[in-house]
Amino acid sequence: MDLRPDAEQRAFVASLDAMLGAADTPAVVRDWSRGEHARGRALWGRIAGAGVFGLAVPEERGGLGVRPVELALAFVELGRHAMPGPLVETVTAAVLLTEPERLVSGAVMATVACGGAYALDGDAADVRLLLTPDGLFRCPGHGPVRPSVDPARRLTALAAGELLTRTPPAGPALALARLTTAAQALGVGLALLARTVAHVKRRSQFGAPIGSFQAVKHQLADARIALEFARPLVLGAALTLAPEDVAAAKVTACEAAYATARTALQLHGAIGYTAECDLSLWLTKARALRTAWGGPDECRAVVLRRGARPW
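Predicted model, so just to flag it, every value in this text is computed and none were measured.

Cut-offs applied
- Residues numbered from 1 in each chain as written.
- Predicted model: local features only at pLDDT ≥ 70, side-chain atom pairs only at ≥ 80, totals over all residues.
- Heavy atoms only, no water.
- Axes fitted to C-alpha atoms, helices over the stretch in contact; angles between N-to-C directions.
- Helix = DSSP H or I, 4+ residues; strand = E, 2+ residues; numbered from the N terminus.
- Parallel < 35°, antiparallel > 145°, perpendicular 65-115°, else oblique.
- Left-handed = near helix turned anticlockwise from the far one by under 90°.
- Contact = heavy atoms within 4.5 Å.
- Nonpolar A, V, L, I, M, F, W, Y, C, P; charged D, E, K, R; others polar.
- Salt bridge = Lys/Arg side-chain N within 4 Å of Asp/Glu carboxyl O.
- Buried < 20%, exposed > 50% of the residue type's maximum accessible area, 1.4 Å probe, protein only.

A. Spatial organisation of the packing of helix α7 (residues 170-202) against helix α8 (residues 214-240). Across the interface, α7 lies against α8 with an axial gap of 10 Å and an inter-helix angle of 155 degrees. Considered as vectors, α7 and α8 are oriented roughly antiparallel to each other. Considering how the two elements wind past one another, α7 and α8 form a crossing that is left-handed. Counting all contacts with α7, which are made through L179, A182, A183, L186, G189, L190, L193, T196, V197 and V200, the residues of α8 involved are V216, L220, A223, R224, L227, E228, A230, R231, V234, A237 and A238. Per-class residue counts for the contact of α7 with α8 are 16 nonpolar, two polar and three charged.

What follows is the structure in structure tokens.
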């Protein structure tokens, strides 16, 4: 099976890359971490205008038709540029809600919490949803913002409010949530690898760039192999949307990104620990995405068909 993007998909990815590259996303992320959402909301509107959220919604409900491959490719770019906000959650909400047109257009931003988990960016979201075994609830407000390993992922508690439906499409929603999380993690890993390769070419020890040292080459090669192994799993899962395929893609992409983050931190040295270094924006995101929408153990259980619950 040929999983390489076609010309139209490559053009779509290139347009997103150009848009996000011109937006100074590190500054947007730092604003978002402080609860300053203006620049993030403006960029959010441009992402929606490019059709990203519409890729999760059928045409009859105001979307572009459900196109998981294009959606995954878009989320790889969002991860590569460290775009903040409840991106995965808005896609998930678009699947859960019967009238998602305002989400598709970018007019509103949504977040979703499952069971007793915290909601991402509840302070910024216009629509807050709680998915439980008893149904889908719309929440009128949110609790205080709690700290996260990734400062740009602002966590809040939600309390159940209005019951929207007792039979939400939890399975399809979870599949797209995990798929887009996997794609975002893949993009994060690719960005970490690219930044680390550039760094080891510049930094010298003993009169030579550290990138010329065999031990450094081996670490970077291991990271590249892990990420490239994850890529076809993500795209393959987008084609099938089978729960076990999506779970395998998520655990593989997130573990690859997390391993790449550890390598990037080691090869950057002490500067990699500092919040002033842009690398930290991707390091913390790799850690947070690893457990978002199902941690490694839960996803492995799905792959082994042990019947994990869809919430």
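B. How the structure looks around the pattern of salt bridges. As enumerated under the stated definition, the model contains 17 salt bridges in all. Residue R30 is joined to D278 by a salt bridge in which the shortest nitrogen-to-oxygen separation is 2.8 Å. One end of the pair, R30, is in helix α2 (residues 25-33); the other, D278, is in the loop between α9 (243-268) and α10 (279-291), and 248 residues separate them in sequence. Take R30: its relative accessible area is 25%, and that puts it in the partly exposed class. Residue R300 pairs with D297 through a salt bridge whose shortest N-O separation is 3.9 Å.

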